[in-house]
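These are the residues of each chain, in order.
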Amino acid sequence: TEEGKGNGLKELLPNVSELIASKPSLHSKIQEQAEALTSRLPEDDSVIPQLAQLYLLVLSDKPEDPWASAGLEQLQTSHIRRVEGLLADGEREQAKQSLQMALDTYPEDRRDAGFESLSKRLDRAERIQAHLEAAQAHLDANALASPAGATALPPHPAVLAQVPDH
């Protein structure tokens, strides 16, 4: 009957006041999940997107929430340090993957500017590596200064242009 349908709908949907009352509980559950993921972060950076989504969920409801704002900022700072460490260790491919994870994870309007800087550094490192590999190939072919145009010398100025202090 029509009347029965209405009653069933009331049972399925909690009333608005119940939803509002449950928000503090939801916020504390999100915080608990975030703490659990944060504890895994030192060994497992695959939790970064999940952790970011928890902070972003809270911020979508309360854009100035201090806990979520600070958590997202700390997460991004940690992520930037991770990528910097990978670059410093010469792990360009892993750095590139971690940087791509950041670009996929953090919305542009909430993304730390440090990721843009890292992206430029990574691009530069890849250009330098390509020039060095070309020079090495010429050296391996015993083409230090000849034949003209196909030697190890042309890549050298290109590398120096990228890294003038070397």
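Preceding this paragraph is the structure being described.
Residues numbered from 1 in each chain as written. Predicted model: local features only at pLDDT ≥ 70, side-chain atom pairs only at ≥ 80, totals over all residues. Heavy atoms only, no water.

**What about helix 5 (residues 92–105)?**
Spanning 14 residues, helix 5 covers 20 Å between terminal C-alpha atoms, matching the ideal 20 Å at 1.5 Å per step. Those residues of helix 5 lying buried are Ala95, Ser98, Leu99, Met101, Ala102 and Thr105. Take helix 5 and look down its axis: the buried residues cluster within an arc of 150°, on one side only. Looking at helix 5, the residues exposed on the side facing more than 90 degrees away from the buried face are Gln97 and Asp104. (Helix = DSSP H or I, 4+ residues; strand = E, 2+ residues; numbered from the N terminus. Expected span 1.5 Å × (residues − 1). Buried < 20%, exposed > 50% of the residue type's maximum accessible area, 1.4 Å probe, protein only. Arc of directions from axis to C-beta.)

**Some thoughts on the side chain of Gln76**
Within the secondary structure, Gln76 is located in helix 4 (residues 66–88). By relative accessible area, which is 4% here, Gln76 ends up buried. At 2.7 Å, the side chain of Gln76 and the backbone nitrogen of Asp112 are in polar contact. (Polar contact = N/O pair within 3.5 Å; in protein donor to acceptor, adjacent residues only side chain to side chain.)

**Focus on the nonpolar core**
Residues Leu51, Tyr55, Leu72, Leu75, Tyr106, Phe115 and Leu118 are the most contacted members of the largest nonpolar core, which totals 27 residues. Listed by contribution, the elements that provide at least two residues to this core are helix 2 (16–40), helix 3 (48–61), helix 4, helix 5 and helix 6 (114–140). No other element matches helix 3, which puts eight residues into this core. (Core = buried A, V, L, I, M, F, W, Y, C linked by side-chain atoms within 4.5 Å.)

**Some words on the packing of helix 4 against helix 5**
Relative orientation of the contacting elements helix 4 and helix 5 amounts to 160°, with a least axis distance of 8 Å. The pairing of helix 4 with helix 5 is recorded here as roughly antiparallel in orientation. Crossing angle aside, the handedness with which helix 4 passes helix 5 is left-handed. In contact with His79, Val83, Leu86 and Leu87 of helix 4, helix 5 contributes Arg92, Gln94, Ala95, Ser98, Leu99, Met101 and Ala102. For the contact of helix 4 with helix 5, the residue count by class is seven nonpolar, three polar and one charged. (Axes fitted to C-alpha atoms, helices over the stretch in contact; angles between N-to-C directions. Parallel < 35°, antiparallel > 145°, perpendicular 65-115°, else oblique. Left-handed = near helix turned anticlockwise from the far one by under 90°. Contact = heavy atoms within 4.5 Å. Nonpolar A, V, L, I, M, F, W, Y, C, P; charged D, E, K, R; others polar.)

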